[in-house]
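Residues per chain, in single letters:
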Amino acid sequence: ERALWFLQRLAPESGAYNLAGAVRIEALDPQAFARAVLRLVERHPALRTTYPAEHGEPSRRVHGWLEPEITEEDVGAVDGEALRLGCEGGSLRPFDPERGPLLRVRLDRVADGQFLLVLVFHHIVVDHLSLVQLARELQQLYSKGPDSLPEQPLQFADYAVWQKEHLALPETEKKLDAWKQR
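Description of the structure in this document. (Residues numbered from 1 in each chain as written. Predicted model: local features only at pLDDT ≥ 70, side-chain atom pairs only at ≥ 80, totals over all residues. Heavy atoms only, no water.)

Section: helix α1 (residues 2-10)
Note the threshold: Each residue gets one of three labels from its accessible area relative to the maximum for its type: buried under 20%, exposed over 50%, partly exposed in between, using a 1.4 Å probe on protein chains only. Secondary structure follows DSSP: runs of H or I at least 4 residues long count as helices, runs of E at least 2 residues long count as strands, and numbering of each begins at the N terminus. Along the arc lie the directions from the helix axis toward the C-beta atoms. Contacts: residue pairs with any heavy atoms within 4.5 Å of one another.
Those residues of α1 that sit buried are Leu4, Trp5 and Gln8. Across the axial projection of α1, the buried residues extend over an arc of 105 degrees, all falling on one side. Exposed side chains of α1 directed beyond 90 degrees from the buried face belong to Ala3 and Leu10. Summarising the contacts, the buried residues of α1 are in contact with β3 (53-54), β4 (57-58) and β8 (114-122).

Regarding the sheet that holds strand β1 (residues 18-26)
Rule in force here: Any two strands are treated as partners once DSSP identifies two or more bridges connecting them. Throughout, an axis means a line fitted to C-alpha atoms (over the contacting stretch in the case of helices), and angles, computed between N-to-C directions, take values from 0 to 180 degrees.
Taking strand neighbours across the sheet as the criterion, the four strands line up as β1-β8-β7-β6 in an open arrangement whose pairing is mixed. Each edge of the open sheet carries a strand with a single partner, namely β1 and β6 (69-76). Taken pair by pair, the neighbouring strands of this sheet meet at an average axis angle of 15 degrees, ignoring direction. Sitting on the sheet, helix α2 (residues 30-43) touches β6, β7 (103-110) and β8, and the angle it makes with β7 is about 170 degrees.

A word on unusual backbone geometry
Between Gly100 and the following residue, Pro101, the backbone shows a cis peptide bond with an omega angle of -10 degrees. Despite not being glycine, Ala27 has its phi angle at roughly 55 degrees, a positive value. Mapped onto the elements, Ala27 comes out in the loop between β1 and α2. The exposed category is assigned to Ala27, whose relative accessible area is 71%. Even without being glycine, His55 reaches a positive phi, approximately 60 degrees.

Focus on the environment of Val120
Here Val120 is to be found in strand β8. Residues contacting Val120, with those up to four places away along its chain left out, are Asn18, Leu19, Ala20, Gly90, Ser91, Phe95, Leu102, Leu103 and Arg104.

Thoughts on the side chain of Asn18
What counts here: Here a polar contact is taken to be a pair of N or O atoms separated by no more than 3.5 Å, where protein atoms must pair a possible hydrogen donor with a possible acceptor and residues adjacent in sequence count only if both atoms sit in side chains.
Its place among the elements puts Asn18 in strand β1. In this structure Asn18 comes out as buried when scored by relative accessible area, which is 12%. A distance of 2.8 Å separates a polar atom in the side chain of Asn18 from the backbone oxygen of Ser91. Those residues in contact with Asn18, other than ones at most four positions away along the chain, are Ser91, Leu92, Arg93, Pro94, Phe95, Arg104, Val120, Phe121 and His122.

Section: the packing of aromatic side chains
Note the cut-off: Aromatic contacts are taken between Phe, Tyr and Trp rings whose centres are within 6.5 Å, Trp giving its six-membered ring; a plane angle under 30 degrees counts as stacked, one over 60 as edge-to-face, and the others as tilted. In this scheme, the term charge over a ring applies when either NZ of a lysine or CZ of an arginine sits within 6 Å of the ring centre and within 35 degrees of the ring normal.
Applying the stated criterion across every chain, the model contains two aromatic pairs. Where Trp5 meets Phe6, the ring centres are 4.8 Å apart and the plane angle is 85 degrees; that geometry is what we call edge-to-face. Its relative accessible area of 34% is what places Phe6 among the partly exposed residues. Of note, Arg104 hangs over the ring of Phe95, and the distance from its end group to the ring centre comes to 4.0 Å. Of note, Arg182 hangs over the ring of Trp179, and the distance from its end group to the ring centre comes to 5.3 Å.

Listed below in structure tokens is the structure:
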């Protein structure tokens, strides 16, 4: 988190730290999908987190609720190249980690009744492994309903606390010093 926060501050206009994916979906219910996204945000505090500066240092602020950006647009009959350019433009638009939200969802209704779904996350709140897990959960929340997943025993904040405590251990500091000397 700290590293990505500092990198984002070096180039705030960059979308280099966005993780995005797009997929065509047939027969999607946009309202049910939006409800699934909202439930996903409710389940994962990382998706409700912002990273404001305090005395020049990053801090983590988990909000009770932080509305994700969800847009739906009827794009009509556009060719594949126009869709690709639209996906790239939305995927590269930078986030503001200090204000959030750090998740964008775009549903483009295409002429043949299909949707193009574009999900964009700031890398500060997801990595590739968690992105796969979030996609699985989103699919289940959409297809089986908002109560279809059990509560999670651990959250990212639990890992962050463990990591901070681990880094403060004397033996960890010795290992780090050894790597610095190498």
